[in-house]
Amino acid sequence: MSTAGAIGTSLFEFFKIGPGPSSSHTIGPMKAGHHFIQTVRSLPGDILRQARRIEVRLFGSLSATGRGHGTDRAVLAGLLGHEPETCPSDVLDGLLATDGVRYDLDLGPTTLTMARDGIVFDGLEHGFPYRNTLVIRLMGGEGTLFEEEYYSVGGGFLEWKGFREPERGAPVFPYTCMAEANELLLTRHLRLHELMLENEKAITGMTEEQVYARLDRVLKAMEESVERGIEAEGILPGPIGLHREAPTLYRKALKEPHAADRFMILLSAYSIAAAEENAAGHRIVTAPTAGSSGVMPGILYIMKHQLRMPAQILRQGFLAAAVVGFLAKHNASISGAEVGCQGEVGVASSMAAAMLAYAHDYGFKVTEDAAEIALEHHFGLTCDPVGGYVQIPCIERNAMGAVKAYNAFLLARDEIPEWHVVDLDKAIWVMGETGKDMCSKYKETAEGGLALCITAC
């Protein structure tokens, strides 16, 4: 099979460690700010000596919900030199908290200052090729000296005008859909995690030990987001005044006498814990996005601490989940601004269902069916964050996505596989088409649904 058009995404491009509350609104823009400042530092000295200020203009849903998502703070953090994976967990907490505060931006031979007014929330409608667009300009006394046009395309992925994919190895086992992946497993006598591992090694040049070491960092970051969240009390940032629920749910779950109820409450508490850490702008893992970063950690924590699954089994289940996420991104979208929350929590739930099935040692068919069931029952899910904050309905929605994932796994496990009609490729196609038809006010603009009927102050 030709590698043309095949999925060449690395695990560590897809699963990004970084600050919440939104991969498209914080991680992507932080990367844009960092890329811009690094690029500007390499400009000729005569241009830099003319520089007077840096201007950021946000378009599309970056403008509509950027304040609630912390986009302005994320861009500034990037301009200050921070990168998502290495920045402190609380890096966004204090930025732009006070009007009039100016921040020093190091351009190398010169230093500029920047305040809140340097970041402009521009038009919701625009002519750029991607909905989430930001333009960053280096300004002189006579106008623009240099500019970059950036596109935050979902899941923390960033592109820019003239962007080209970096050179990398080709996948050993190329596939563009689940049917092709299945054919490879059958003809090459592989298991799904083996296919993913061999492709990752070929794409990145890493050894198996290096892949697993980085994978363990991702799994650890997910686990830590849950553990921080079940301990953190208080009110989340923003005008809604939303109280953190995870610690209360966790304490009550431990006292719950009925085992089935205790399991469900713990699963919800773990998912909400990570989602609340995301809402606070703290470090999470995009899975596939920041807005859905509670679903897989909730399931993962249950698998490790309640189901007592060993580390290698968790790794293998995680690799199976990655296949689902890759396919959704490649063949539809994982951006709430493009397809609504079905592309975020819906895909996260689908990934988590696949992870559960595969880690329980079920084969390709049950794993695919579990992923399909979970995704199918998120079709049409809107993205309508109240006030533009990733809090209502986003936090509890992560818990519901985790619960649906577990139920999808049970349904796929216990049904007769030959009777399952819809495959994952069809479900992903339907999700993409549904997203195209969805009214824009239900796609991360805070102009419809709960965002319209609830006042966030």
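Within every chain, residues take consecutive numbers counted from 1 along the sequence as written. pLDDT decides what is reported in this predicted model: residues at 70 or higher carry local features, side-chain atom pairs at 80 or more are listed and counted, and totals for whole chains, interfaces and linings draw on all residues regardless. Side-chain numbers here rest on the full set of heavy atoms in the structure, without hydrogens or water.

1. Topic: the nonpolar core
Across soluble globular proteins, you tend to see nonpolar side chains buried next to one another.
Next up, step 1: Note on terminology: a nonpolar core comprises buried Ala, Val, Leu, Ile, Met, Phe, Trp, Tyr and Cys residues joined through side-chain atoms within 4.5 Å. Think of it in three bands: residues with accessible area under 20% of the maximum for their type are buried, residues over 50% are exposed, and the middle band is partly exposed, with areas taken using a 1.4 Å probe on protein chains only. Ranked by internal contacts, the top residues of the largest apolar core, which has 99 residues, are Leu11, Phe15, Tyr175, Met196, Met296, Ile299 and Phe318.
Next up, step 2: What counts as a helix is a DSSP run of H or I of at least four residues, what counts as a strand is a run of E of at least two, and both are numbered from the N terminus. A total of 12 residues in this core trace back to one element, the largest contributor, which is helix H15 (residues 345-359).
Next up, step 3: Those residues within four positions of Met296 in sequence are excluded, and the remaining contacts are Phe15, Met222, Ala287, Phe318, Ala321, Ala348, Met351, Ala352 and Met355.
Next up, step 4: Counting residues in each nonpolar core, the second largest holds 35 residues, with Ile37, Ala77, Leu95 and Leu107 among its members. The criterion used for residue contact is that any of the two residues' heavy atoms lie within 4.5 Å.

2. Focus: the sheet that holds strand E2 (residues 51-58)
Next up, step 1: Reading across from one edge, E5-E2-E6-E7-E8 is the order of the 5 strands in this open sheet, with mixed pairing throughout. Two strands lie at the open edges of the sheet, namely strand E5 (119-121) and strand E8 (158-160), each paired on one side alone. In this sheet, neighbouring strand axes are inclined to one another by 25 degrees on average, regardless of whether the strands run parallel or antiparallel.
Next up, step 2: DSSP-based pairing: two strands are paired if at least 2 bridges between them are found. As defined by bridge partners, strand E7 (residues 143-152) adjoins E8 across 3 bridges and the pair is classed as antiparallel. Across the sheet, Tyr150 pairs through a bridge with Trp160, a residue of E8.
Next up, step 3: Whenever a helix is involved, its axis is fitted only over the stretch in contact; in every case the axis is a line through C-alpha atoms, and angles between N-to-C directions fall within 0 to 180 degrees. The sheet strands contacting helix H2 (residues 23-41) are E2, strand E6 (133-140), E7 and E8, and the helix crosses E7 at an angle near 145 degrees.

3. Topic: the side chain of Thr382
Next up, step 1: Tracing the chain through its elements places Thr382 in the loop between helix H16 (364-376) and helix H17 (394-414).
Next up, step 2: When sequence neighbours within four positions are dropped, the list of residues in contact with Thr382 reads Cys341, Arg397, Met438 and Tyr442.

4. Notes on the layout of surface pockets
Next up, step 1: Each cavity reported here is a set of points on a 1 Å grid over the protein atoms alone in which a 1.4 Å probe fits but cannot get out, each pocket an open set with protein on both sides within 12 Å along at least five of seven lines, and each lining residue one with an atom within 4 Å of a point. Grid points are joined across faces, edges and corners, and a volume is the space filled by probe spheres set on the points. In this model, the largest pocket occupies a volume close to 1,000 Å³.
Next up, step 2: Lining the largest pocket are 38 residues, and of these Glu13, Phe157, Glu165, Pro166 and Arg168 sit closest to its centre.
Next up, step 3: Looking at the lining of the largest pocket, the elements with two or more residues in it are helix H1 (11-14), H2, E8, helix H8 (192-204) and helix H13 (311-331).
Next up, step 4: The element contributing the most residues to the lining of the largest pocket is H2, with 4 residues.
Next up, step 5: Classification used: nonpolar for Ala, Val, Leu, Ile, Met, Phe, Trp, Tyr, Cys and Pro, charged for Asp, Glu, Lys and Arg, polar for all others including Gly. Looking at the lining of the largest pocket residue by residue, the class counts come to 16 nonpolar, 11 polar and 11 charged.
Next up, step 6: What the second largest pocket holds in volume is close to 370 Å³.

5. What about the pattern of salt bridges?
Next up, step 1: Throughout this description, the term salt bridge denotes a Lys or Arg side-chain nitrogen within 4 Å of a carboxyl oxygen of Asp or Glu. On inspection of all chains with the given rule, the structure shows 20 salt bridges.
Next up, step 2: In this structure, Glu13 and Arg168 form a salt bridge, with 2.6 Å as the shortest nitrogen-oxygen distance. Remark: Arg168 occurs in the loop between E8 and helix H7 (178-188) and Glu13 occurs in helix H1; sequence separation between them is 155 residues.
Next up, step 3: Judged by its relative accessible area of 24%, Glu13 is partly exposed.
Next up, step 4: With its nearest N and O atoms 3.5 Å apart, the salt bridge here joins Glu55 to Arg57.
Next up, step 5: Three or more residues are tied together by salt bridges with common partners; here these are Arg53, Glu55, Arg57, Asp122, Arg137 and Glu147.

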